[in-house]
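Working through the structure, step by step
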Amino acid sequence: MAGNRTFTMIKPDAFEAGNSGAILKMIEEAGFKIVAMKATRLTPELAGKFYEVHKERPFYKDLCAYMSSGPIIAAILEKDNAVEDFRKLIGATNPEQAAEGTIRKIFAKSIEANAVHGSDSDENAAIEGNFYFSQLERVL
Ligand code: ATP
Ligand code: MG
């Protein structure tokens, strides 16, 4: 059975552009409840740890530099079928291929600076939520 939680980040490009409020509005209107949230900033080392699965990919170094280039918002979201439904809401990694009306289609600047992160499995949603939030911050 699909889980009911996912994890998201509003990435540095969207935060810097002042799109956090508009993106959170779309997330809430799509039926997701925010159960933990904070504004913070990754160091290059922490970005490297978060995206460790991509460490052999050619874009890894740039991705770590970009993800630590400015503040982000991290949040745990709740909804039935959360992981899959949230991936639909954000759209394809490359905004040129993202469906009309998706968050990346509307707000992403490029395949790298693509506005938002969404977990790709229930297991990773839990790992990523735990990466950012202590037990006391995950009380809801
Ligand atoms: P995310 O994990 O951030 O939700 P995703 O699951 O759609 O994105 P991944 O394949 O996990 O895509 O890639 C992680 C991130 O690495 C992308 O969101 C993007 O910021 C960056 N990225 C992916 N592919 C490329 C690429 N070809 N060139 C540059 N950056 C890329
Ligand atoms: Mg991914």
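The structure this text deals with has already been given above.
So, here is what we can say about the structure in this document. The shown structure was predicted, so the numbers you read here are calculated from the model rather than taken from an experiment.

Description of the site of ligand 1
- Neighbouring ligand 1 are 13 residues, the closest being Lys11, Arg87, Thr93, Glu112 and Asn114.
- Take His54: an N or O atom from its side chain is 2.9 Å from an oxygen atom of ligand 1.
- Side-chain polar atom of His117 to an oxygen atom of ligand 1: 3.0 Å apart, as the coordinates give it.
- Protein contacts shield 81% of the accessible area of ligand 1, which totals 580 Å² for the unbound molecule.
- A class-by-class count of the residues in the shell around ligand 1 yields four nonpolar, five polar and four charged.

What about the packing of aromatic side chains?
- Summed over the entire model, instances satisfying the criterion amount to eight aromatic pairs.
- Note on Phe50 and Tyr51: the rings are 5.0 Å apart at their centroids and 80° apart in plane angle, and the pair reads as edge-to-face. Of the two residues examined, Phe50 and Tyr51, each falls in the buried class.
- Judged by centre distance (5.9 Å) and plane angle (65°), the rings of Phe50 and Tyr132 are edge-to-face.

The rules behind each value
Starting from 1, residues in each chain are numbered consecutively following that chain's sequence as written. Chains and ligands are labelled sequentially in the order written, the chains with letters from A and the ligands with numbers from 1. Only residues with pLDDT of at least 70 get local features here, since the model is predicted, and only at 80 or more are side-chain atom pairs given and counted; chain-wide, interface and lining totals rely on the full set of residues. For side-chain calculations, the full set of non-hydrogen atoms in the structure is used, while hydrogens and water are omitted. A single heavy atom is enough: if one lies within 4 Å of a molecule or strand, its residue is considered near that molecule or strand. Throughout this description, a polar contact denotes any pair of N or O atoms lying within 3.5 Å of each other; where both atoms belong to protein, one of them has to be capable of donating a hydrogen while the other can accept it, and for residues adjacent in sequence the pair is counted only when both atoms sit in side chains. Computed with a 1.4 Å probe, the accessible areas rest on the Shrake-Rupley method; for each residue, only the protein chains presented here act as cover. Under this grouping Gly is polar, as are all residues other than the nonpolar Ala, Val, Leu, Ile, Met, Phe, Trp, Tyr, Cys and Pro and the charged Asp, Glu, Lys and Arg. Note on aromatic contacts: the rings of Phe and Tyr and the six-membered ring of Trp form a pair at centre separations within 6.5 Å, being stacked when their planes are under 30 degrees apart, edge-to-face when over 60 apart, and tilted otherwise. Categorising residues by exposure relies on relative accessible area from a 1.4 Å probe, with only protein chains included: less than 20% of the type maximum marks a residue as buried, more than 50% marks it as exposed, and the intermediate range marks it as partly exposed.

Honestly, that's just the spatial picture; any functional story needs more than this.
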